[in-house]
Amino acid sequence: MGLLDAILGRSKPVRPDLDQLFAVPSAAMTLQAATGFTPTGRGSVCFAGVEGGGFARLQEDVRELLDADTERGGIPVEFSRDAYGYTWLLATHPADDTASLVNDLHAVNTLLQDGGFGPHLLCSLIGFRHPADGRSLALVYLYKRGTFYPFAPLPGDAEKRDNPLELQVRGALGDDLRVEKDLSRWFPVWGAPGL
C-alpha cells in the first residue's frame, strides 16, 4: 500500500488464497468437538454466470472432472441458478470424507480462476448439521476476501439467523481458519445448495 492510499484510507483487496480451503477438514473436527455439528458431505461453489462459449466449455470441463468417479458410485455434480441469477455447483461426498469434498471445491475454484473467471467467483460453502436437532450450519469461504465466516439459519421458513451460534463458531474456529473480522461481510446465503 502506498502513502497516498494510506492517507486516503484505501486498501488493496486481499489476494485470494484458495489453499485456505484445505484447512476445513481439521476445522471440521474442531467444530464437532466444540458444537456437535458434523459435516454433511455437501458443499457448493457460487459464481456469477457469464455468457459465451469459453465459459460454457469451462463449465463442462468442471462437470467432466468432478463426475469422473460416478462410474465407481460417486454422485454427479449439480448446477443450479438462484433467484439472483448466480450459478451454484453442488458437490456431494460421504459425510466422513470432508477432504475429498474440499478437494473438489478447490478444483472448481482453481479451474475458474485459471480460466480467467476468478472475478466471477463469489463464495464456496461446506455444509454441517447438528445430529440432535437437525440445525444447519455452513462455513462460507469468501473468494475475494480469502476469509471464512459461519452462516447458521434458524429452522423454519423465516429467513432468520442464529447469531449466537455464528459467534460461538467464530470463537471455536479462530485458530483453525482465517475468519472474516468484518461482520458486515457475513452475508446470508439463504437456500444455498449444500446447506
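As a reminder, the structure under discussion sits directly above these lines.
Throughout what follows, the structure given in this document is the object of discussion. (Residues numbered from 1 in each chain as written. Predicted model: local features only at pLDDT ≥ 70, side-chain atom pairs only at ≥ 80, totals over all residues. Heavy atoms only, no water.)

**A short note on the nonpolar core**
Soluble globular proteins tend to pack their nonpolar side chains together in the buried interior.
Thinking step 1. Counting residues in each nonpolar core, the largest one holds 47 residues, and the members touching the most others are Phe128, Val140, Leu177 and Val189.
Thinking step 2. Apart from the residues lying within four places of it in its own chain, the contact partners of Phe128 are Ala28, Leu31, Phe37, Thr38, Pro39, Thr40, Arg135, Ser136, Leu137 and Leu139. (Core = buried A, V, L, I, M, F, W, Y, C linked by side-chain atoms within 4.5 Å. Buried < 20%, exposed > 50% of the residue type's maximum accessible area, 1.4 Å probe, protein only. Contact = heavy atoms within 4.5 Å.)

**Regarding the packing of aromatic side chains**
Thinking step 1. A full pass over the atoms with the stated rule returns 3 aromatic pairs.
Thinking step 2. Arranged with centres 5.0 Å apart and planes meeting at 55°, the rings of Tyr141 and Phe148 form a pair that is tilted.
Thinking step 3. The interplanar angle of 75° and the centroid separation of 5.1 Å between the aromatic rings of Phe151 and Trp190 together place this pair among those described as edge-to-face. With Phe151 in strand S6 (residues 147-151) and Trp190 in the segment after helix H5 (163-173), this pair connects stretches of sequence that are 39 residues apart.
Thinking step 4. Looking at Trp190, the relative accessible area reads 30%, which means it is partly exposed. (Phe/Tyr/Trp six-rings, centres within 6.5 Å; stacked < 30°, edge-to-face > 60°. Helix = DSSP H or I, 4+ residues; strand = E, 2+ residues; numbered from the N terminus.)

**Observations regarding the packing of helix H2 (residues 24-35) against H5**
Thinking step 1. Their axes nearest at 10 Å, the elements H2 and H5 cross at an angle of 125°. As summarised for this structure, H2 and H5 are arranged oblique, according to the angle between their axes. The crossing of H2 and H5 is right-handed. Residue-level contacts link Ala27, Thr30, Leu31, Ala34 and Thr35 of H2 to Gln168, Val169, Ala172 and Leu173 of H5.
Thinking step 2. Taken together, the residues of the contact of H2 with H5 sort by class into 6 nonpolar, 3 polar and no charged. (Axes fitted to C-alpha atoms, helices over the stretch in contact; angles between N-to-C directions. Parallel < 35°, antiparallel > 145°, perpendicular 65-115°, else oblique. Left-handed = near helix turned anticlockwise from the far one by under 90°. Nonpolar A, V, L, I, M, F, W, Y, C, P; charged D, E, K, R; others polar.)

**Some details on the pairing of strand S1 (residues 38-48)**
Thinking step 1. The sheet contact formed by S1 and strand S4 (residues 121-129) spans 7 bridges and is antiparallel. Its bridge partner being in S4, Phe47 is matched across the sheet by Leu121.
Thinking step 2. Looking at chain direction, S1 and strand S3 (residues 86-92) are connected through 7 bridges and run antiparallel. Paired with Val45 across the bridge in S3 is Leu89. (Pairing = 2+ DSSP bridges.)

**A word on H2**
Thinking step 1. Taking 1.5 Å per residue as the helical rise, H2 with its 12 residues ought to reach 16 Å, and the 15 Å between its terminal C-alpha atoms agrees with that figure.
Thinking step 2. Looking at H2, one finds that the buried residues are Val24, Ala27, Ala28, Leu31 and Thr35. On an axial view of H2, the arc spanned by its buried residues comes to 110°, and they lie on one face. What points out from H2, more than 90 degrees from its buried face, is the exposed set Met29 and Ala33.
Thinking step 3. For H2, the secondary structure elements touched by its buried residues are S1, helix H4 (98-117), S4, strand S5 (136-142), S6 and H5.
Thinking step 4. Gly36 sits one or two positions beyond H2 and adopts a positive phi of about 90°. (Expected span 1.5 Å × (residues − 1). Arc of directions from axis to C-beta.)

**A short note on the sheet that holds S3**
Thinking step 1. Judged by pairing direction, the sheet is antiparallel, and its 6 strands sit side by side in the order S2-S3-S1-S4-S5-S6 without closing on themselves. Each having just a single partner strand, strand S2 (78-81) and S6 make up the two edges of the open sheet. This sheet shows a mean twist of 25° between the axes of neighbouring strands, independent of strand direction.
Thinking step 2. This element, H2, spans S1, S4, S5 and S6 of the sheet and lies at about 40° to S4.
Thinking step 3. Those strands touched by H4 are S1, S3 and S4, and its axis lies near 10° from that of S1.

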